[in-house]
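# Observations on the model geometry
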Amino acid sequence: MVQTVVEMQHITKKFGNLIANNDVSLKVHQGEILALLGENGAGKSTLMSILSGLLQPTSGKILINDRIVSIKDPQTAKALGIGMVHQHFMLIPAFSVLENIILGDEPHNYLGKIKYIQAKQIIKQMAQRYHLQLDLDAKVADISVGMQQRVEIMKALYRKADVLIFDEPTAALTPQEIKELMQTFRILASENKAIIFITHKIKEIKEVADYCTIIRSGKVIETVKVSQAGEEQLAEMMVGRKLQNNVQKQPVKQQKLILNVKQLTVQNNGRSKILNLNLQVHQGEIVGLAGVDGNGQEELLAALTGMNKVTSGSIQLNGQELANQSVRKFVESKVGYVPEDRQAEGLILSMSVAENLALKEYYHAPMNHRGILNYKYINSFAQNLVKNYGIRTQNVYETVASLSGGNQQKVIIAREIQNNPDLLIAANPTRGVDVGAIEYIHRKIIQERNQGKGILLVSFELDEILKLSDRVMVIHDGQIIGEVDPKTITAQKLGLMMAGKKIGSVQQEVTKSEL
Amino acid sequence: MNCKKYSALVFPLMSIVSGFVVGAIIMLVFGYDPLQNYGNLLVGSFGGAYSIGETLRNMTPLILTALGFAVSSKAGFFNIGGSGQYLMGWFGAVVVALKWSWLPGWFLIIVSIMSGALLGGVWSAIAGLLRAYCGTSEVITTIMLNYVALYFVNFAVKNWLAAQGHDSSATITAKASLRSPLLASLTSNSTLHWGFILALLVCLIIWIYFNRTRAGFELRSIGLNERAAQYAGMNVRKTIILAMLISGILAGLGGALDGLGNFQNISVSNSLPQVGYDGMAVAILASYNPLGIILSSLLFSALQIGGMSMSVYSNAPTEIVSIVTGSIIFFIAIKYAFEIILKKYKLSYPKFNIAGK
């Protein structure tokens, strides 16, 4: 019998009248990977905060290695061998990787002098054992998100954690980094560590987890052996209803050109971030832009929304030249934009839902009359949108910060679609939202397409691109290096192209690997 | 979200009470009677028509420097230059009142007030322009501009306005003064002047500006999330400059009204006027709400005016008042500690967003 490392029995956690966890029980054994699956607000993070000592349960027991414990604070959790890797990393950017790892637990002599060399040796050995690639001398500010995550993992391991909790670990990673992380999970499990990871991505669960505990509205729905459960079954258990898959894409007849980007070049500090890029979007089509993060997507989006200046080239919308125009000019020329980071770019969190919904139209009639805003109109306008788009909020005067991630995204989508754009640009529109909301957002995007809007979809989720797009463009190093048909392309081919291989050479490599 | 509305009042009130408690403890330690002294303070500030008039008169510049600080803070800027802007406003108003005294009565007053306010506005717009176009920290520039204002005004008064060997300008003509026989007679000859009424009016205007106008919406948006505001098509640069301009105009207006209503002249000073800094405290206590500023400036003004009589009627030093105001600000600053206490005793609702993402 394998040792049970963590057992949570009948945990209930109440915040006032709200029951975040209701009689939740779960078990993890040595060398096991447990996935905690649930929608936003289902109570996963609360449960893990209890385990890591940030919150105290209202009732229930926690057993570590079969002994009842009380985890009063994070220090106790650490002493019990529980390590947490948060979604937002807790690192000091100006410190080196080594310094971040040992921070708070520095090995030192009796005078307090830190033994860096000794620490470095220990960590190097550990890194080798767990196959964690780390540049110990690099500054955290200079390393990739994937490596930052490895620093967090090493931090936990360095403190002798036997249980590692990951809160949505893949949310900020590129496909490659996700793959590496999954590999790390397996290695850690083979070294007898227990892993609990919070997620709402079913694919990752299928790939790496042994067991999956599904939580809905604070209750455990079921714990299943992952190898015996289908993806759809898991999804349905999570949202509690059947998912309607795929809104039908209707063929759209008129193919009027909406967006025409010609020879676009964007330089930043003398380096070309985008070089002679050409891109067209027609009415009634979804053009997917696939590529590894940091290949010019950010700069392209900034140019297409008027946020940044372009060095040369033209951006035409319905035949009208827009390059280097103001953001407002783009908005008025009917470009809708669902930004990648909804909290930093799309919303003003401490403002009300109504004000956020009005953000693109507040300045003209009927919302604005000679400099005075008509709040009566703004509020009824918002009430309509809340109703039509099913935004779950108590009322429109609530701050947007009090909404769940999925509902925040709905606020943005409602606002952008309401403004009746000819071109809708969506950048990672489903990042960090749950399956129910993903389904909703995809349906809305396809609906807009069916109504003859042109849509540019930029996403790091290949599945999303392949599922929604009519055409897929691959961006690499600031250039479009090929166009592919999403119906026939394989993920393997697309992956190679994203890494910078041209179509011809991709054909060759694929044939080679098939031989 | 009723709890939020209450907490906007609860925290400042708790801070004020705590501030008075600290003052009382210190008086006890040094052998003064807190009840008697606080009684004197109350009598000194509200005990009669005259003291009320003085308290209201003293509120006038406080309201305006606080409004100025509130406007810049709402836009996300820390305008510490209220003091210098106030001084420039005072200077501008008195100079015009003295030099253009040939202008007809009310017109002279309007022109004097406007030039004072405008000079204050220009003074902070310098910091706004530097911030918008060069990214220079407004904290540094406004502090530096405070000293430039102080020494410039001292130089100007000494060399251009004051008679040889004197340290202050002549008194402005009666027709340029904001003093009013009516207000004086209502308050047993206090120095209450029309500026107070104007300040209240400006509070209302700024409230409307914040909460009902397009420009105010842009100001708040940029203060809360500059990037999202940019994506919404707002002109960040323009709004920053405008906010700093308005901020300075308000502080300058405070100086102009004080100059024309209270001082009636301008003199060389050793240090920057305290009212510029007190305004920051007033605005923070009111959480930048223009109507709240009326209440918090009333409190500060009462403490200042009442504090003077504290040392008249007993032997307690006036500095006790500074300890009380200082403590109030301290408690406002550690608002977070109060939040924890409130949560512990379940006076406030729990934060729902703890429960999962």
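All values reported here derive from a predicted model rather than from experimental measurement. Residue indices follow the written sequence of each chain, beginning from 1 at its first position. Both sets of labels track the order of writing: A upward for chains, 1 upward for ligands. Under the rules for a predicted model, residues below a pLDDT of 70 receive no local features and side-chain atom pairs below 80 are neither given nor counted, while totals for whole chains, interfaces and linings still include all residues.

### Comments concerning the overall build of chain B
Short version of the rule: Per the convention used, a helix needs a DSSP run of H or I reaching at least four residues, while a strand needs a run of E reaching at least two, with both numbered from the N terminus. Counts of 20 or more other C-beta atoms within 10 Å of a residue's own C-beta define buried residues, counts of 12 or fewer define exposed ones, and intermediate counts define partly exposed ones; C-beta atoms are placed from the backbone. Contact between two residues is assigned whenever their backbone-derived C-beta positions fall within 7 Å.
Counting its regular elements, chain B contains 15 helices and zero strands. For chain B, the spread of C-alpha atoms along the three principal axes comes to 70 × 60 × 35 Å. A buried classification covers 50% of the 357 residues belonging to chain B. Partitioning the contacts of chain B with sequence separation of at least 6, the portion at a separation of at least 24 is 79%.

### A word on the interface of chain A and chain B
Operational definition: Amino acids outside the nonpolar list (Ala, Val, Leu, Ile, Met, Phe, Trp, Tyr, Cys, Pro) and the charged list (Asp, Glu, Lys, Arg) are all regarded as polar, and Gly is one of them.
With 37 residues of chain A at the contact, the number on the chain B side is 23 residues. At the level of elements, β2 (18-29), α1 (44-51), α10 (327-332), α11 (342-346) and β18 (372-373) of chain A are the ones that each hand at least two residues to the side of chain A that touches chain B. Taken together, the residues of the side of chain A that touches chain B sort by class into 19 nonpolar, 13 polar and five charged.

### Here's the deal with the confidence of the model for chain B
All names here are of chain B. Put simply, the test is: The predictor attaches a confidence to each residue, called pLDDT, with possible values from 0 through 100.
Per-residue pLDDT for chain B has a mean of 89; in total, 92% of the residues score no lower than 70. Every residue in residues 347-357 scores below 50 in pLDDT, and together they form 32 contacts with partners more than four places removed in sequence or on other chains. In the model output, the complex is listed with pTM 0.77 alongside ipTM 0.84.

### Concerning the packing of helix α4 (residues 82-99) of chain B against helix α5 (residues 105-134) of chain B
Each packed pair of helices is defined by two parameters, the angle between the axes and the distance between the axes. Residue and element names in this part refer to chain B. Note the cut-off: Lines fitted to C-alpha atoms define the axes here, with helix axes fitted over just the stretch in contact, and angles between the N-to-C directions of these axes take values from 0 to 180 degrees. The labels follow the angle: roughly parallel below 35 degrees, roughly antiparallel above 145, roughly perpendicular from 65 to 115, and oblique for the rest. Should the near helix be turned anticlockwise from the far one by less than a right angle, the crossing is left-handed, and should it be turned clockwise, the crossing is right-handed.
For the pair α4 and α5, the least separation of the axes is 7 Å and the interaxial angle reads 150 degrees. By the angle between their directions, the pair α4 and α5 is classed as roughly antiparallel. Where α4 crosses over α5, the handedness of that crossing is right-handed. For the pair formed by α4 and α5, the contact residues are G84, Q85, Y86, M88, G89, W90, F91, G92, A93, V96 and A97 on the first element and L108, V111, S112, I113, S115, G116, A117, L118, L119, G120, W123 and S124 on the second. In the contact of α4 with α5, the residues fall into 14 nonpolar, nine polar and no charged.

### Let's talk about unusual backbone geometry
Backbone torsion omega between A:A365 and A:P366 reads 5 degrees, so that peptide bond is classified as cis. Mapped onto the elements, A:P366 comes out in the loop between α12 (353-357) and β17 (368-369). With phi around 70 degrees, A:K334 is a residue other than glycine that occupies positive phi space. Summarising the element assignment, A:K334 is placed in the loop between α10 and β16 (335-338). On the basis of neighbour count, A:K334 is assigned to the partly exposed category, with 17 C-beta atoms found within 10 Å. Residues other than glycine seldom take positive phi values, yet B:S188 does so here, at roughly 40 degrees. Mapping B:S188 onto the fold places it in the loop between α7 (181-186) and α8 (195-212). With 12 C-beta atoms packed within 10 Å, B:S188 lands in the exposed category.

### Re the pairing of strand β3 (residues 33-37) of chain A
All names here are of chain A. Put simply, the rule reads: Only when DSSP finds a minimum of two bridges between them are two strands counted as paired.
Taken across its five residues, β3 has five buried, putting it largely inside the fold. Of the two faces of β3, the one holding I33, A35 and L37 and the one holding L34 and L36 are both buried throughout. In the sheet, β3 pairs with strand β8 (residues 194-199) via five bridges, with the strands oriented parallel. Pairing of L34 across the sheet is with I196, part of β8. The pairing of β3 with strand β9 (residues 211-216) spans four bridges and is parallel. What sits directly across from L37, in β9, is I214.

### Some points on the pairing of strand β22 (residues 479-484) of chain A
Taken together, the five bridges between strand β21 (residues 471-476) of chain A and β22(A) define a ladder with antiparallel strand orientation. Counted as the bridge partner of A:M473 is A:E483 from β22(A).

### Topic: helix α12 (residues 275-285) of chain B
Residues and elements named next belong to chain B. With ten of eleven residues buried, α12 is to be regarded as a mostly interior element. Residues V275, G276, D278, G279, M280, A281, V282, A283, I284 and L285 constitute the buried set of α12. Looking at the residues trailing α12, positive phi occurs at S287, about 40 degrees.

### Considerations on the packing of α4(B) against α12(B)
All names here are of chain B. Remark: α4 packs on α12, axes separated minimally by 7 Å, with the N-to-C direction vectors making an angle of 125 degrees. Judged on the interaxial angle alone, α12 and α4 are oblique. The two elements α4 and α12 meet at a crossing, and its hand is right-handed. Every residue of α12 that contacts α4 at G82, S83 and Y86 is listed here: V275, G276, Y277, G279 and M280.

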